[in-house]
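# Analysis of the macromolecular model
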Amino acid sequence: MKFLAETCLLTHGLRSIDEAALQSAWPFPEARLAWVDRGELKTGTLQEYLPFRLRRSEYGRLDCDTLEEALQSGMSGALTASGTMAACRLLGVPLAVTCGMGGIGDIVGEELCPDLPALARIPVALIATAPKDMLDIPATFRWLREHGVHVAGPECTGYIFESAHYLPEESPEAYMTEEAIRRGAETGGLLLLNPIPAEQRIRDRGILESAVRYGKEKEKEGLIFHPAVNGEIDRLTDGYSSRIQLLSFIENIRLAMAI
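Scope of this entry: the structure provided in the associated data block. (Residues numbered from 1 in each chain as written. Predicted model: local features only at pLDDT ≥ 70, side-chain atom pairs only at ≥ 80, totals over all residues. Heavy atoms only, no water.)

All of the buried residues along helix α7 (residues 137–146) are Ile137, Ala139, Thr140, Phe141, Trp143 and Leu144. The secondary structure elements touched by the buried residues of α7 are α6 (115–121), β9 (130–131), β10 (150–152) and β11 (190–193). The N-capping residue of α7, defined by a side-chain oxygen 3.1 Å from the backbone nitrogen of alanine 139, is aspartate 136. Looking at the residues trailing α7, positive phi occurs at glycine 148, about 80°. (Buried < 20%, exposed > 50% of the residue type's maximum accessible area, 1.4 Å probe, protein only. Helix = DSSP H or I, 4+ residues; strand = E, 2+ residues; numbered from the N terminus. Contact = heavy atoms within 4.5 Å. Polar contact = N/O pair within 3.5 Å; in protein donor to acceptor, adjacent residues only side chain to side chain.)

Below, the structure is given as structure tokens:
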């Protein structure tokens, strides 16, 4: 295996995409996903993962800080970007793939998302679309720069909205071999950005603001912020947000397969 793809988005983030639609859109019979089922780290194809997705109401998310406990205690969970990076390290895989990544914000328990320390300390590279729009994206990239993480890609102007302007200092073409991926990850960390085309983004920023308010309300009720916000944006866009996220995730996997 030369990469593993995360499962949080597929498990809890695509509210209006059912298993049949996911199978229909998925073009990679051989791409490997990663998750934890009853204390066992699993990697498998989409077909092997789908029975786990059907039980998604039974479990939550696992990141790099909770993966080891889950493996020891018999827990189940979908893996975040950092959780997938930790799984890659355990299995000797050099590259992880996500879609929207975490960062710095005001999310309870994730003021500093584990995705950032994972990039700085785990010698596994990460392909991501962009930090999520409700985060402080300038502060996120500033943290990565201050901690020596290489960031390569075109200008980051947000995730599914136009919400930022950040131009990485490095070119992704410099990392288009497995050797370069490993070297970049081992010398401070490596993040490769692969943004959604601007013309496909959601234009109405009011949708983001409304969804963040909804997510904060659900956060007070003890629910997880990101799936709540994703679900509300999905509702307010009649499923469009889920479709463009799935397409972006597929493009990120396509990029990983080309390396």
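Even without a glycine there, the phi angle at arginine 38 is positive, about 50°. If you check the backbone angles, aspartate 238 has positive phi at about 55° while not being a glycine. By the element assignment, aspartate 238 lies in the loop between α10 (225–236) and α11 (240–258). A relative accessible area of 68% means that aspartate 238 is categorised as exposed.

Two faces make up the sheet, and in a regular strand the side chains alternate between them. Most of strand β2 (residues 33–37) is tucked away: five of the five residues are buried. Side chains Leu33, Trp35 and Asp37 project from β2 onto one buried face, and the interleaved Ala34 and Val36 project onto a second face that is buried too. Bridging between β2 and strand β3 (residues 40–44) involves five bridges; their strand directions are antiparallel. Bridge pairing in β3 links alanine 34 to threonine 43. (Pairing = 2+ DSSP bridges.)

Inspection of every chain in the model, using the stated rule, returns seven aromatic pairs. Between tryptophan 26 and phenylalanine 249, the aromatic rings sit 6.1 Å apart at their centres with planes inclined by 50°, giving tilted as the arrangement. Highlighted residues: tryptophan 26 in the loop between α2 (19–25) and β2 and phenylalanine 249 in helix α11, separated in sequence by 223 residues. Of the two residues examined, tryptophan 26 and phenylalanine 249, each falls in the buried class. Both rings, one in tryptophan 35 and one in tyrosine 49, keep their centres 5.6 Å apart while their planes meet at 65°; by these two values the pair is edge-to-face. Separated by 14 residues along the polypeptide, tryptophan 35 in strand β2 and tyrosine 49 in helix α3 (residues 46–53) bring together distant segments of the chain. (Phe/Tyr/Trp six-rings, centres within 6.5 Å; stacked < 30°, edge-to-face > 60°.)

What follows covers the packing of α10 against α11. Close contact between α10 and α11 brings their axes to 6 Å; oriented N to C, the two are set at 115°. Where α10 approaches α11, its residues Asn230, Ile233 and Asp234 are matched on the opposing element by Ser241, Ser242 and Gln245. (Axes fitted to C-alpha atoms, helices over the stretch in contact; angles between N-to-C directions.)

Using the criterion set out here, one finds 15 salt bridges in the structure. The partner of glutamate 19 in a salt bridge is arginine 56, and the shortest N-O contact between them spans 3.0 Å. Of this pair, glutamate 19 sits in helix α2 while arginine 56 sits in the loop between α3 and β4 (60–62), and the two are 37 residues apart along the sequence. The residue glutamate 179 makes a salt bridge to arginine 183 at a minimum N-O spacing of 3.7 Å. (Salt bridge = Lys/Arg side-chain N within 4 Å of Asp/Glu carboxyl O.)

What follows covers the packing of helix α9 (residues 205–220) against α10. At a minimum axis distance of 8 Å, the contact between α9 and α10 shows a crossing angle of 140°. Considering the angle they form, α9 stands oblique to α10. Judged by the sense of rotation from one axis to the other, the crossing of α9 with α10 is right-handed. The segment α9 lies against α10, with Ile207, Leu208, Ser210, Ala211, Val212, Tyr214, Gly215, Lys216, Lys218 and Glu219 engaging Phe225, Ala228, Val229, Glu232, Ile233 and Leu236. (Parallel < 35°, antiparallel > 145°, perpendicular 65-115°, else oblique. Left-handed = near helix turned anticlockwise from the far one by under 90°.)

Here we come to the side chain of lysine 132. Here lysine 132 is to be found in the loop between β9 and α7. Residues contacting lysine 132, with those up to four places away along its chain left out, are Gly100, Met101, Ile137, Tyr159 and His226.

So, about the pairing of strand β8 (residues 125–128). Here β8 shows no split at all, with Ala125 and Ile127 on one side and Leu126 and Ala128 on the other all buried. Relative to β8, strand β6 (residues 95–97) runs parallel, the two being bridged by three bridges. In the strand pairing of β8, valine 97 is matched with isoleucine 127.

The next thing to look at is the side chain of threonine 7. Mapped onto the elements of the fold, threonine 7 is located in the loop between β1 (4–5) and α1 (8–13). Separated by 2.7 Å, the side chain of threonine 7 and the backbone oxygen of alanine 34 make a polar contact. A distance of 3.1 Å separates a polar side-chain atom of threonine 7 from the backbone nitrogen of leucine 79. The contacts of threonine 7, once residues within four sequence positions are left out, are Leu33, Ala34, Trp35, Tyr49, Ala78 and Leu79.

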